[in-house]
Amino acid sequence: MNLTRAELKKIMRSPITIAAIVIVLALNVVTFMTTGNSYYAPAGEDSAEHIRQAKENGAYFKGAITDEWCDRYKAEADAMRNDPENMVDDSEKQVIIEGLKKQGYTEEYILENLRIHFLKEEFLTSEEYNRYEPVEFSMSFYESAENLGKRFAEYYLSAYPGNKGEALAAKAEADYGRLADDYTAYYNYDLGYQRMENVLLSYYYTLAVLMVVGLAGIFCGEYSRKTDALILSAKYGRHKIAFAKIKAGIIFSAAAWVVLTAVNLILTTVYFGWEGAEAYWQDWFIKISPFCWNSGIAMAAALATSLLGTVFFAALVMAISALFRAPAPAMLISFALLLIPSIDLGENAPAIVSAINTCMPATIMRGAPIWYRYMSVYAFGRTVTGQYIVLPVIAAVTV
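Read on for a plain summary of the structure.

1. Here we look at the pairing of strand S4 (residues 382–385)
Alright, step 1. Pairing geometry for strand S3 (residues 376–379) and S4, over 4 bridges, is antiparallel. Residue pairing for S4: Ala379 is matched across the bridge by Arg382.
Alright, step 2. Between S3 and S4, which follow one another and run antiparallel, lie 2 residues, and Phe380 among them has a positive phi close to 55 degrees.

2. Notes on the packing of aromatic side chains
Alright, step 1. Tallying each qualifying case throughout the model produces 33 aromatic pairs.
Alright, step 2. Each residue in the set Tyr60, Phe61, Trp69, Tyr73, Tyr132 and Tyr187 is aromatic and connected to the rest through ring pairs, giving one cluster.
Alright, step 3. Here the basic side chain of Arg195 rests over the ring of Phe32, its NZ or CZ set 5.5 Å away from the ring centre.

3. Regarding the side chain of Lys171
Alright, step 1. With respect to the helices and strands, the residue Lys171 is situated in helix H11 (residues 163–182).
Alright, step 2. In this view, Lys171 contacts Tyr374, Ser376, Thr383, Val384 and Thr385; residues no more than four positions away in its chain are not counted.

4. Let's talk about the pattern of salt bridges
Alright, step 1. All told, the structure shown has 15 salt bridges when counted by the stated rule.
Alright, step 2. Measuring nitrogen to oxygen at the nearest pair gives 3.8 Å for the salt bridge that ties Lys101 to Glu98. Remark: Glu98 and Lys101 occur in helix H5 (residues 90–102); sequence separation between them is 3 residues, near one turn of the helix.
Alright, step 3. Accessibility expressed as a relative area gives 32% for Lys101, which makes it partly exposed.
Alright, step 4. Accessibility expressed as a relative area gives 36% for Glu98, which makes it partly exposed.
Alright, step 5. Residue Asp175 pairs with Arg178 through a salt bridge whose shortest N-O separation is 2.4 Å. Taken together, the residues Asp175 and Arg178, both in helix H11 and 3 residues apart, mark about one turn of the helix.
Alright, step 6. Its relative accessible area of 5% is what places Asp175 among the buried residues.

5. Quick word on the side chain of Ser334
Alright, step 1. In this fold, Ser334 is placed in helix H18 (residues 327–339).
Alright, step 2. With relative accessibility at 0%, the residue Ser334 sits in the buried group.
Alright, step 3. Looking at Ser334, its side chain comes within polar contact range of the main-chain oxygen of Ala330, at 2.8 Å.
Alright, step 4. For Ser334, the residues in contact, after removing those within four places along its chain, are Val212, Phe313, Val317 and Ile320.

6. Notes on H11
Alright, step 1. The end-to-end C-alpha distance of H11, which contains 20 residues, comes to 27 Å, matching closely the 28 Å that a straight helix rising 1.5 Å per residue would cover.
Alright, step 2. At Tyr176, H11 shows its largest bend, some 30 degrees.
Alright, step 3. Taken together, the buried positions of H11 are occupied by Gly165, Leu168, Ala169, Lys171, Ala172, Asp175, Tyr176, Gly177, Leu179 and Ala180.
Alright, step 4. Packed against the buried residues of H11 are helix H10 (141–159), S3 and S4.

How each quantity is defined
Residues numbered from 1 in each chain as written. Predicted model: local features only at pLDDT ≥ 70, side-chain atom pairs only at ≥ 80, totals over all residues. Heavy atoms only, no water. Pairing = 2+ DSSP bridges. Helix = DSSP H or I, 4+ residues; strand = E, 2+ residues; numbered from the N terminus. Phe/Tyr/Trp six-rings, centres within 6.5 Å; stacked < 30°, edge-to-face > 60°. Lys NZ or Arg CZ within 6 Å of the ring centre and 35° of its normal. Contact = heavy atoms within 4.5 Å. Salt bridge = Lys/Arg side-chain N within 4 Å of Asp/Glu carboxyl O. Buried < 20%, exposed > 50% of the residue type's maximum accessible area, 1.4 Å probe, protein only. Polar contact = N/O pair within 3.5 Å; in protein donor to acceptor, adjacent residues only side chain to side chain. Expected span 1.5 Å × (residues − 1). Bend = angle between axes of the 7 residues up to and from the residue.

So, to be careful, I would describe these as geometric facts and stop short of saying anything about function.
Rendered as C-alpha cells:
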C-alpha cells in the first residue's frame with residue numbers, strides 16, 4: 001500500500017498533471033455552460049427564465065402517454081390552430097391558397113391538410129404554441145417504436161437471408177414491440193438528465209486528456225529519467241513496483257472521474273434540478289435503442305458506462321506507456337486512440353469496423369452513446385443484445 005501511495009503521489013505531484021487538472025476543470029465548467037439540450041433549451045438559452053418556463057411546461061404536461069393524454073393536449077393544440085384570432089385575414093388567406101395552387105395542390109387538399117399556412121407568424125413563434133411541439137412529437141412514441149422495429153426487421157431479412165436474418169428480425173420486432181405494447185412512456189421536464197448526459201459526451205476530450213497527461217509516462221518515464229535500473233534492483237522487485245503503478249493509475253483515473261462527475265452533478269442540481277426521472281429517454285433520431293428505460297435509469301447506465309470507459313482507457317494508456325522508453329510517443333498514440341471515434345465511417349462501413357469503433361475507449365467514456373443504437377448479435381443459433389456482450393468483455397479486459 002505504501003508503494004501504491006508513493007506512485008500515486010508521483011502522478012499527482014507532477015507539474016504537468018497539476019496544470020492539466022486545472023485546465024480540465026475549467027474546460028469542463030465551460031463545456032457544461034455551453035452544452036445544449038434538445039427541445040427545452042438550446043445552447044446559449046439556459047437563462048433562469050427559460051429553465052423556469054421549461055419546468056412550468058413540464059409540470060403542466062407531465063403524465064403517462066396514453067390515449068387520453070394524447071387526446072387532451074391534441075385538442076388543446078387544435079383549438080389554438082383553429083382559433084380565427086390566430087389566423088390571417090381572408091384576403092391574405094386567398095393569396096396563400098393561390099400560391100399553394102401554383103405548387104400543384106388543390107384547394108380542397110390545402111383547406112384540409114395545409115391550414116398551418118394560414119396561421120399568423122407571431123402565433124407560430126409564440127411560447128404558448130411552441131410548448132406543444134415536444135408534446136405532439138411525444139404522442140407518436142409507441143408508433144415510432146413499432147415502425148423502427150419493422151425497419152430493423154426488414155433490414156436484417158434483406159442483409160442476412162436465412163436463419164440468421166430471420167432470428168435477428170424476430171428479435172428486433174420483439175425488442176421494439178415491448179416498447180410499443182408493454183411499456184408506458186411518461187412525459188415530463190427532464191432537462192437536468194439531458195444536460196448531464198450531454199456533458200458526459202465531453203469526457204473524451206476533457207477527462208481523457210488528463211488520463212494521457214498523467215499516465216502516459218508512468219512506465220516509460222522511468223527510462224527517460226534514467227531511474228529504470230534503480231527500480232529494477234529495488235527490494236520490492238520489478239513485478240511489485242509494476243503492480244503498484246497500475247493500481248495507482250487505476251485509482252487516479254477513478255478518482256478523477258468521481259471528482260469531475262461530482263462537479264457536474266452539483267452544477268446540474270444548481271441550474272436544472274433532477275425533476276423528471278420517469279420521463280421517457282428515446283428521441284427516435286439519435287437515441288433509437290429499444291431499452292425500456294426512463295431518464296433516471298438511462299442516466300445511471302451512462303454514469304456506470306462512463307466510469308468503466310475511463311478506467312479502461314487508463315489501463316490502455318499504461319499498457320502503451322510500458323511499450324516505449326519516452327513519454328512523447330506514448331502520449332501521441334494515446335491521443336490517437338481518442339480521435340478514432342470522431343472519424344465519420346459513413347453508412348456503408350463494414351459491420352466489424354463499426355463494432356470496433358463502438359468499443360473504443362473514447363466511445364465508452366462518453367457514457368450514453370453505446371446505448372443509443374440498436375445492437376444485436378447472432379452466434380451459435382442465438383441472438384443476444386450487443387451491449388450485453390461488449391461491456392462485460394471490456395470490463396474483463398480492464399481487470
